[in-house]
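Architecture and fold: a report
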Amino acid sequence: MSVLPLVFTSGWASGINAYAVVLLFGIFGATGLTDEVPESLQRTDVLVTAGVLFLCEAVADKIPYVDSAWDTAHTVIRPVAGAVVAALLAGESGSLPELAAGAVGGSTALMSHLVKAGTRMAVNTSPEPFSNIGVSVVEDLGVAGIITFAVFNPVAAAVVAGILLLLGLLTLVFLASRIRRFLRRRAQRREEGRLAGAGRHWPHE
């Protein structure tokens, strides 16, 4: 069970920014800072792909409404990435069955993803873009910090990740009204867009 804290932490971080998790683990493994990272995450093609996708997310994640669209597209990607990374970590150490590790990493990633996506919906009810940028930067720094911490002290990092996950879930409860407001606005925009499109194609006499 010694790898379980690292699996849990990687799952939490993957739900926020899966590409950053793969990139950081790969770099730490390739530079020899840790022996816990499997060689498959250290491959050059994996690092390059993760780096490019991380840059794409770094941009999209800071633009109002685009960030929520990006989150929607990653509702499946982040939990799957969390499960795969967790299974790889467990398979390398052999101290935890890969299937169980994947379940822990995937479910944790799903919960933290829902927290991230819900928080962004609430932030997008504000008209200015600076809150999106600020939240995104904090998330990026948080993922980098917690993964780095996990490499050197996985148990303590898992405790921090658990506390952050719990606080995030509680925050969603308090932001429920703003999230509903965002969803109403998005539904209204789609309806307006549908009506506008129908109007353009309506035959004129």
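Calculation criteria
Residues numbered from 1 in each chain as written. Predicted model: local features only at pLDDT ≥ 70, side-chain atom pairs only at ≥ 80, totals over all residues. Heavy atoms only, no water. Helix = DSSP H or I, 4+ residues; strand = E, 2+ residues; numbered from the N terminus. Buried < 20%, exposed > 50% of the residue type's maximum accessible area, 1.4 Å probe, protein only. Contact = heavy atoms within 4.5 Å. Patch = residues over 30% accessible without salt bridge, like charges linked within 9 Å, V, L, I, M, F, W, Y side chains within 5 Å. Areas by Shrake-Rupley, 256 points an atom, 1.4 Å probe, with all protein chains shown as cover. Salt bridge = Lys/Arg side-chain N within 4 Å of Asp/Glu carboxyl O. Axes fitted to C-alpha atoms, helices over the stretch in contact; angles between N-to-C directions. Left-handed = near helix turned anticlockwise from the far one by under 90°. Nonpolar A, V, L, I, M, F, W, Y, C, P; charged D, E, K, R; others polar. Lys, Arg positive; Asp, Glu negative; His and termini not counted. Charge placed at Lys NZ, Arg CZ, Asp CG, Glu CD. Expected span 1.5 Å × (residues − 1). Parallel < 35°, antiparallel > 145°, perpendicular 65-115°, else oblique. Core = buried A, V, L, I, M, F, W, Y, C linked by side-chain atoms within 4.5 Å.

Looking at the overall build of the protein
Each helix and strand counted, the protein has eight helices and zero strands in total. Across the protein, helices and strands are ordered from the amino to the carboxyl terminus as α-α-α-α-α-α-α-α. Looking at the protein residue by residue over its 205 residues, the buried ones come to 43%. Within the protein, counting contacts between residues at least 6 apart in sequence, those at least 24 apart form 75% of the total.

A short note on a nonpolar patch on the surface
On the surface, a cluster of nonpolar side chains totalling about 1,000 Å² of accessible area is made up of Phe 149, Val 155, Val 159, Val 160, Ile 163, Leu 164, Leu 166, Leu 167, Leu 170, Val 173 and Phe 174. Here Val 160 shows up in helix H7 (residues 154-174).

A few points about unusual backbone geometry
Of note in the backbone geometry, Tyr 65 takes a positive phi value of approximately 70 degrees without being a glycine. Within the element layout of this structure, Tyr 65 appears in the loop between helix H2 (44-60) and helix H3 (66-73). With relative accessibility at 25%, the residue Tyr 65 sits in the partly exposed group.

With respect to the packing of helix H1 (residues 4-30) against H2
Contact geometry of H1 with H2 gives a least axis separation of 9 Å together with a crossing angle of 145 degrees. You can see that H1 and H2 cross each other, and the crossing is left-handed. Judged by residue contacts, Ile 16, Asn 17, Tyr 19, Ala 20, Val 22, Leu 23, Gly 26 and Ile 27 of H1 engage Val 46, Leu 47, Ala 50, Gly 51, Leu 53, Phe 54 and Glu 57 from H2. Classifying every residue of the contact of H1 with H2 by side-chain character gives eleven nonpolar, three polar and one charged.

Observations concerning a positive patch on the surface
Side chains of Arg 178, Arg 180, Arg 181, Arg 184, Arg 185 and Arg 189 sit close together on the surface and give a patch of like positive charge. Following the sequence through the fold, Arg 184 ends up in helix H8 (residues 176-200). Note on Arg 184: relative accessible area 55%, which makes it exposed.

Focus on helix H6 (residues 130-152)
For H6, built from 23 residues, the straight-helix expectation of 33 Å at 1.5 Å per residue is met to within 8% by its first-to-last C-alpha distance of 33 Å. Those residues of H6 lying buried are Asn 132, Ser 136, Glu 139, Asp 140, Val 143, Ile 146, Ile 147, Ala 150 and Val 151. Contacts made by the buried residues of H6 are with H1, H3, helix H5 (98-123) and H7.

Some details on the packing of H2 against H3
Two elements in contact, H2 and H3, have axes separated by 8 Å at closest approach and are oriented at 135 degrees. For the element pair H2 / H3, the angle class is oblique. Every residue of H3 that contacts H2 at Cys 56, Glu 57 and Ala 60 is listed here: Val 66, Asp 67 and Trp 70. Across the contact of H2 with H3, the residue classes break down as four nonpolar, no polar and two charged.

Remarks on the nonpolar core
Phe 25 and Ile 147 are the most contacted members of the largest nonpolar core, which totals 37 residues. Elements supplying a minimum of two residues to this core: H1, H2, helix H4 (77-93), H5, H6, H7 and H8. If you tally residues by element for this core, the top one is H1, at twelve residues. The contacts of Ile 147, once residues within four sequence positions are left out, are Ser 10, Ala 13, Val 21, Leu 24, Phe 25 and Phe 28.

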